Amino acid sequence: MWKFTVRRILIMIPQIFLLSILIFLMAQAMPGDALSGLIDPNLDPKEIAKMREKLGLNDEWYAQYIDWIKGAIQGDLGESFRFKMPVSELIEQRLINTFWLSVVTLIITYLIAIPLGITSGRFNDTWADRIITGYTYIGFATPVFIFALVMLWIFGFHYGWFPTTGSVKPGLEPGTFDYIVSKIYHMLLPAISLALITTVNTVQYLRSEIIDTKQRDFIITARAKGAPESRVYNRHILRNSLLPIAAFFGFEITGLIGGTIFVEQIFGYPGMGQLFYESILLRDYSVVTSVVLLFGIASILGALISDVILSLVDPRIRIK
Amino acid sequence: MGFLEVEDLKVHFPIKGGIFGRTVDYVKAVDGVSLSIEKGKTYGLVGESGSGKTTTGRAIMGLNNITAGKITFDGYDITDLKQAELDVRKQIQMIFQDPYSSLNPKKRVLDIIAEPLRNYEKLSKIEEKKRVQELLELVGLSPESIVKYPHEFSGGQRQRIGVARAIALKPKVIIADEPVSALDVSVQAQVLNFMRDIQEELDLTYLFIGHDLGVIRHMCDHIGIMYKGRYVEQGTTEEIFNSPQHIYTKRLVAAIPDIDPSQRKKQIQFRQEVQTEYEQSYNEYFDSDGLAFKLKPVSKTHLVALPEVE
Amino acid sequence: MAEGLLEIKNLKTSFRIKDNYYAAVDDVSITVNKNEVLAIVGESGCGKSALAFSIMGLHNRAKIEGNILYKGHDIANISPAKLNKLRGNDMAMIFQDPLTALNPLMEIGDQIGEIVSLHNKNLSKSERKAKVIKLLNKVGIPHPERTYKQFPHELSGGMRQRVVIAIAIANEPELLIADEPTTALDATIQSQILDLLNELKEDMNAGIILITHDLGVVAETADRVAVMYAGQIVEIADVHTLFGDPQHPYTRSLLNSVPNAAKDQTKLHVIQGIVPSLQKLPREGCRFGPRIPWIDSSAHEDNPVLHEISPGHFVRCTCYSQFSFPEESKEDQSHGVS
Ligand SMILES: Nc1ncnc2c1ncn2[C@@H]1O[C@H](COP(=O)(O)OP(=O)(O)OP(=O)(O)O)[C@@H](O)[C@H]1O
Ligand SMILES: Nc1ncnc2c1ncn2[C@@H]1O[C@H](COP(=O)(O)OP(=O)(O)OP(=O)(O)O)[C@@H](O)[C@H]1O
Ligand code: SF4
Ligand SMILES: [Mg+2]
Ligand SMILES: [Mg+2]
């Protein structure tokens, strides 16, 4: 098993390398450069040219890339021209916020998906299944940002059950119990809104997996052993159907990244998604590239986690 | 010199291990097999599951990398795929074991049969269709079948489609890998009869791989018995069935179910005798690794793997 | 001496296809005694597995009519709880396809252990393991300790088939249904498995239903043989009678299509046409008639029923006496194997 994991991690390195080159080249292709935002427009163009030279902005692209990646590895992602502060510092808190928002969203996603998927798959073509499938169709058809807006309006403004902006109540001491509770409280509505929509994929997937597994020959073998129906479901059908769901986990993370961009914006939640959105509007390139790089790494990590989980639970992969 | 000759064929598959997938060992799937088939004859390759029959067939087809050995066809050396001219290569075709999964279910019969034609010959659409229809007629299917999909056919008919594909390029040799193992008796009879018919009609040479000795006996002129990648015995059908020399062959022959129930007692007794002999004389027939010895001739056509006499 | 174990009366199993029910098993009545192997033979698609599944109660959405008496109790439509007590314990089944019959994510030891502990709740872990190892030994698995920890994909087809058999015989069932237990195996392993079935029959006094289309296997193992065509039994007799004096045209056709070294055949007999699908099956008159078109239709009975032509030998319809193969002329009236 660990061999597989190690090999899988080794594969990741060139993946991330390629990703960083790609992002770097894309950033290069965009108008302006790291200086455009930094400098005083009243400065003499000759001065600017000198600064360019000094900063290495006239070097070949690969030399610049090496500079950039060296910095990135050491945690130096450049300066944000809007916030006038190092990107890494800017990102740190937001990264933590988004991380926790994603974790909570994932938990809620599975809390919804697993019971619904199981019910729907086990009792397919009953009224319960039809209601659940109906919900998934609505979920597929509804854009996240509209749904999030509606949720915000109903539960945030109309009923006032949830805070409508921010990630924590201002003035609380970090690390205290109240602080943590407030953090979770702020996360809840965005997470639920996002989860309710993204979960429909998983529900559908689990449903069809279960229906498929139900018809497999080894299920008949289990019945012929005299296993009661509950055992057939719990020991044989469920385990075999949850396996592909584990493989789905990586995609879930990628999907989540897209989701957070909208949801954070709508709920005024200071996370990576919001930062990304705003930086694009303001053409704060060093931030944008950094955020894209992190998103990319998160997707690659997601795929890695999927594969490792799969190798843990699927003996057919575990052996290799 | 036979029409198709295999000399000391070896196919070893590497076993990978470690993080970097280094080769740690080899599976000697085929380990020194020689055979020779005369034109128009059927050569049977028998042996237990995993003994290397399919691998031998695939190696001759050029589908497996050959570790060592030489394959000649009609005098040409075809061992190295790249050296062999395509023209020679297409003279050897293969029929696969499972008629249910060896045909792509999403393709129409026309596309399935025309596939080798498209690889080797440039025909216009009309010519191609005509050829396919001729082939279908030859295998006893209606020419209208071209627009159908494999699932619309019975097992025997599907195997015929497989045969039609195999003979599309007018090959001289057909390697049939357990062509009837997945079929029931009546369909099996249909396919076997049909294979004999086209053999005569097209002057085909068969390498017939199988494990049903009844079928092998019915079809083959010569038989080779494989065990763990090596030959234990080779001879004419007569020799193998009437005077098997190697204990493994004896065991195989004894295991054939007799279709006459009144022989049951005798058969069981016979089998037990062979089993006892097998257990007692195992060391005389296999080396310390449990592998067969080199073949020694006992008659002009009959070879048996026996130890060197001291 | 023949003790009835299973008695099936007028069993009809129908599948629903587009709002209609079609019988795949149609009015089948057979008995299986203790210490007896009843073989059921017939081409692919003639309803052998459907019959076996009906006995085991494994169809989900089929309509089952008629009676299945196991030791005198009707099990055709009993409650799942009662059925589960019987399945795996009193009666068990070996499935046709060893490649798909095992759970890919479960260790072999657990798959066999499951059936052991389901019917023997107070077995300790080590007792259970010991029993599983014993079973693996019994079916001829060379390294039981190792196989115990392996997964199905690590085993060859023959090994998997033996695991499937180990599961079926785990609790020494009195009724064993073996659905093509040796089709996937080579000759030497096949004869081992058949020996094992015989042992089970003799040592445990079990009744065995052996489903196969390999007539050689039947000749070697069965005590009685039922020939099935298109959902019906067309002939039933003890094994010597069936092979020595087959009557029904279908039985004779089947026997003729086997390569037989004793006869010098260049051509094997081929039964024309195919087994019709359930929807296309003629439900009235003779079902096999369309496949022997050279026999004049006046020879066929309108509605062939089973006739007992000698004690224990039943043949559907009476017109078999007028049947001959087109290729053999009138003077060669010997049929089947001599
Ligand atoms: N591509 C491969 N890589 C590694 N090992 C292989 C490969 N192909 C076959 N083998 C191994 O080579 C051996 C011979 O396999 P082969 O398929 O030739 O047997 P066979 O005689 O055709 O058996 P069967 O009757 O089951 O078809 C087996 O041990 C098999 O596991
Ligand atoms: N669940 C099902 N729904 C509808 N039709 C079915 C079902 N199961 C089997 N059938 C049909 O019933 C008929 C009998 O099938 P069955 O599987 O019993 O054949 P068999 O004699 O076991 O054949 P084989 O030798 O191929 O296993 C076939 O025509 C088949 O298509
Ligand atoms: S009526 Fe004719 S075809 Fe039908 S069972 Fe009798 S002999 Fe066979
Ligand atoms: Mg093979
Ligand atoms: Mg079947």
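Note that the structure is a prediction, hence the values are computed from the model and not measured. (Residues numbered from 1 in each chain as written. Chains lettered and ligands numbered in written order. Predicted model: local features only at pLDDT ≥ 70, side-chain atom pairs only at ≥ 80, totals over all residues. Heavy atoms only, no water.)

**Student:** Please explain the overall build of chain C as it appears in this structure.
**Tutor:** Helix and strand content of chain C: 10 helices and 12 strands. Computed over the C-alpha atoms, the radius of gyration of chain C is 21 Å, within 12% of the 20 Å expected from 2.2 N^0.38 for a compact globule of 338 residues. Within chain C, buried positions represent 58% of all 338 residues. Looking at chain C alone, contacts between residues at least 24 apart form 65% of all its contacts between residues at least 6 apart. Surface accessibility of chain C: about 13900 Å² in total, with carbon and sulfur atoms responsible for 48%. (Helix = DSSP H or I, 4+ residues; strand = E, 2+ residues; numbered from the N terminus. Rg over C-alpha atoms; globule rule 2.2 N^0.38 Å. Buried < 20%, exposed > 50% of the residue type's maximum accessible area, 1.4 Å probe, protein only. Contact = heavy atoms within 4.5 Å. Areas by Shrake-Rupley, 256 points an atom, 1.4 Å probe, with all protein chains shown as cover.)

**Student:** Explain the site of ligand 1 to me, please; I cannot follow it from the model alone.
**Tutor:** Residue and element names in this part refer to chain B. Every residue near ligand 1 is listed here: Phe13, Ala29, Glu48, Ser49, Gly50, Ser51, Gly52, Lys53, Thr54, Thr55 and Glu178. Backbone polar atom of glycine 52 to an oxygen atom of ligand 1: 2.9 Å apart, as the coordinates give it. Protein chains bury 59% of the 630 Å² of accessible surface belonging to ligand 1 in isolation. If one sorts the elements of the shell around ligand 1 by residue count, helix H1 (residues 53-61) sits on top with 3 residues. When its residues are assigned to classes, the shell around ligand 1 shows 2 nonpolar, 6 polar and 3 charged. (Near = heavy atom within 4 Å. Polar contact = N/O pair within 3.5 Å; in protein donor to acceptor, adjacent residues only side chain to side chain. Nonpolar A, V, L, I, M, F, W, Y, C, P; charged D, E, K, R; others polar.)

**Student:** Explain the packing of aromatic side chains here, please?
**Tutor:** Counting across every chain of the model gives 18 aromatic pairs over all chains. Both rings, one in Phe99(A) and one in Trp100(A), keep their centres 5.3 Å apart while their planes meet at 75°; by these two values the pair is edge-to-face. The exposure class assigned to Phe99(A) is partly exposed, which follows from its relative accessible area of 48%. Seen from their ring centres, Phe162(A) and Tyr185(A) are 5.9 Å apart, and the 40° between their planes marks the pair as tilted. Here Tyr185(A) lies in helix H7 (residues 177-214) and Phe162(A) lies in the loop between helix H6 (144-158) and H7, a separation of 23 residues in the sequence. In this structure Phe162(A) comes out as buried when scored by relative accessible area, which is 17%. On the basis of relative accessibility, which here comes to 38%, the residue Tyr185(A) falls in the partly exposed class. Here a set of aromatic residues connected by ring pairs shows up, and it is made of Tyr227(B), Tyr248(B), Tyr278(B), Tyr282(B) and Phe286(B). Of note, Lys129(C) hangs over the ring of Tyr148(C), and the distance from its end group to the ring centre comes to 4.7 Å. (Phe/Tyr/Trp six-rings, centres within 6.5 Å; stacked < 30°, edge-to-face > 60°. Lys NZ or Arg CZ within 6 Å of the ring centre and 35° of its normal.)

**Student:** I'm lost on a nonpolar patch on the surface in this one. Help?
**Tutor:** Residues and elements named next belong to chain A. A cluster of nonpolar side chains, contributed by Phe145, Ile146, Val150 and Phe262, occupies part of the molecular surface with about 340 Å² of accessible area. A per-element tally of the nonpolar patch places H6 first, with 3 residues. Along the chain, valine 150 falls in helix H6. Judged by its relative accessible area of 40%, valine 150 falls in the partly exposed class. (Patch = residues over 30% accessible without salt bridge, like charges linked within 9 Å, V, L, I, M, F, W, Y side chains within 5 Å. Salt bridge = Lys/Arg side-chain N within 4 Å of Asp/Glu carboxyl O.)

**Student:** Even after reading the chapter, I still don't get a negative patch on the surface, so can you show me in this structure?
**Tutor:** Residue and element names in this part refer to chain C. On the surface, Glu172, Asp195, Glu199, Glu202 and Asp203 cluster together into a patch of negative charge. Looking at the secondary structure, you find aspartate 195 in helix H7 (residues 187-204). Note on aspartate 195: relative accessible area 41%, which makes it partly exposed. (Lys, Arg positive; Asp, Glu negative; His and termini not counted. Charge placed at Lys NZ, Arg CZ, Asp CG, Glu CD.)

**Student:** I'm lost on the UniProt feature "domain: ABC transmembrane type-1" (unreviewed entry) in chain A in this one. Help?
**Tutor:** Cross-referencing UniProt, the feature "domain: ABC transmembrane type-1" (unreviewed entry) maps to residues 95-306 of chain A in the present numbering. Between the C-alpha atoms that bound residues 95-306 of chain A there is a distance of 21 Å. The span itself is 83% helix and 0% strand. (UniProt positions renumbered as here; feature names shortened; annotations may be inferred.)

**Student:** Teacher, can you tell me more about the domain arrangement of chain C here?
**Tutor:** Frequently, the measure chosen for interface size is the accessible area that the parts lose on association. Residues and elements named next belong to chain C. Segmentation of chain C into domains returns domain 1 (1-90 + 173-338) and domain 2 (108-171). The interface is formed by 17 residues belonging to domain 1 together with 12 residues belonging to domain 2. Both faces combined, the contact of domain 1 with domain 2 buries some 1200 Å², and carbon together with sulfur accounts for 66% of it. When the area that domain 1 buries against domain 2 is broken down by residue, the three leading residues are Gly88, Pro173 and Leu196, summing to 32%. (Domains from an automatic or database assignment. Buried area = accessible area lost by both parts, 1.4 Å probe.)

**Student:** It is not clear to me how the side chain of Thr98(A) should be interpreted in this structure. Could you clarify?
**Tutor:** All names here are of chain A. Structurally, threonine 98 is set in helix H4 (residues 87-122). Given a relative accessible area of 7%, threonine 98 falls into the buried group. Within the structure, the side chain of threonine 98 is placed 2.9 Å from the side chain of glutamate 264, a separation counted as a polar contact. Those residues within four positions of threonine 98 in sequence are excluded, and the remaining contacts are Thr260, Glu264, Tyr269, Gly271, Met272 and Gly273.

**Student:** Explain the interface of chain C and chain A here, please?
**Tutor:** Across the boundary between the two partners, chain C contributes 25 residues, which contact 22 residues of chain A. Across the chain C/chain A interface, buried area totals approximately 2200 Å², and carbon plus sulfur atoms make up 58% of it. Three residues, Leu105(C), Glu114(C) and Leu118(C), lead the burial of chain C against chain A; their summed loss comes to 28% of the area buried on that side. The interface formed by chain C and chain A contains 2 salt bridges. In this structure, the salt-bridge partner of Glu114(C) is Arg231(A), at a minimum N-O distance of 2.7 Å.

**Student:** Looking at this structure, how should I read the UniProt feature "transmembrane region" (unreviewed entry) in chain A?
**Tutor:** Residue and element names in this part refer to chain A. With numbering matched to this structure, UniProt assigns "transmembrane region" (unreviewed entry) to residues 99-119, 131-155, 184-206, 241-267 and 287-313. Strand forms 0% of residues 99-119 and helix 100%; the C-alpha atoms that close the span are 30 Å apart. Split by type, residues 241-267 is 96% helix and 0% strand. Its first and last C-alpha atoms lie 35 Å apart.

**Student:** Quick question: what am I supposed to make of the coordination of the magnesium ion (ligand 5) here?
**Tutor:** Each donor-metal-donor angle in an ideal tetrahedron of four donors is 109.5 degrees, and each such angle in an ideal octahedron of six donors is either 90 or 180 degrees. Residues and elements named next belong to chain C. Ser49 (OG) and Gln96 (OE1) make up the full set of protein donors to the magnesium ion (ligand 5), lying at 1.9 to 2.5 Å. Here serine 49, found in helix H1 (residues 48-56), pairs with glutamine 96, found in the loop between strand S6 (91-94) and helix H3 (108-118); they are 47 residues apart in sequence, far enough to count as distant. Judged by relative accessible area, which is 24%, serine 49 ranks as partly exposed. Using a relative accessible area of 39% as the deciding quantity, one classes glutamine 96 as partly exposed. (Donors = N, O, S within 2.8 Å, 3.2 Å for Na, K, Ca; no water.)

**Student:** In this structure, what is going on with the sheet that holds S6(C)? I would like to understand it.
**Tutor:** Residues and elements named next belong to chain C. With respect to topology, 8 strands assemble into an open sheet ordered S6-S7-S8-S3-S9-S10-S12-S11, the strand pairing being mixed. Edge strands, defined here as strands with exactly one partner in the open sheet, are S6 and strand S11 (306-310). Averaged over all adjacent pairs, the angle separating strand axes in this sheet is 20°, with direction ignored. When strand S3 (residues 36-41) meets strand S9 (residues 224-229), the two strands line up parallel, connected through 4 bridges. Each bridged residue has a counterpart across the sheet, and for valine 41 the counterpart in S9 is valine 227. Each of S9 and strand S10 (232-238) touches helix H10 (residues 249-256); the most contacted strand, S9, lies at about 100° to it. (Pairing = 2+ DSSP bridges. Axes fitted to C-alpha atoms, helices over the stretch in contact; angles between N-to-C directions.)

**Student:** Can you walk me through the sheet that holds strand S2 (residues 20-33) of chain C in this structure?
**Tutor:** Through backbone hydrogen bonds, the strands of a sheet pair up, either in parallel or in antiparallel fashion. All names here are of chain C. In space, the 4 strands of this open sheet follow the order S2-S1-S4-S5, with antiparallel pairing throughout. For this open sheet the edge positions go to S2 and strand S5 (73-74), each flanked by a neighbour on one side alone. Both strand S1 (residues 4-17) and strand S4 (residues 63-70) contribute to a ladder of 7 bridges, which runs antiparallel. Directly across from leucine 6, in S4, lies its bridge partner tyrosine 70. Sheet strands touched by H1: S1, S2 and S4. Its angle to S1, the strand with the most contacts, is close to 115°.

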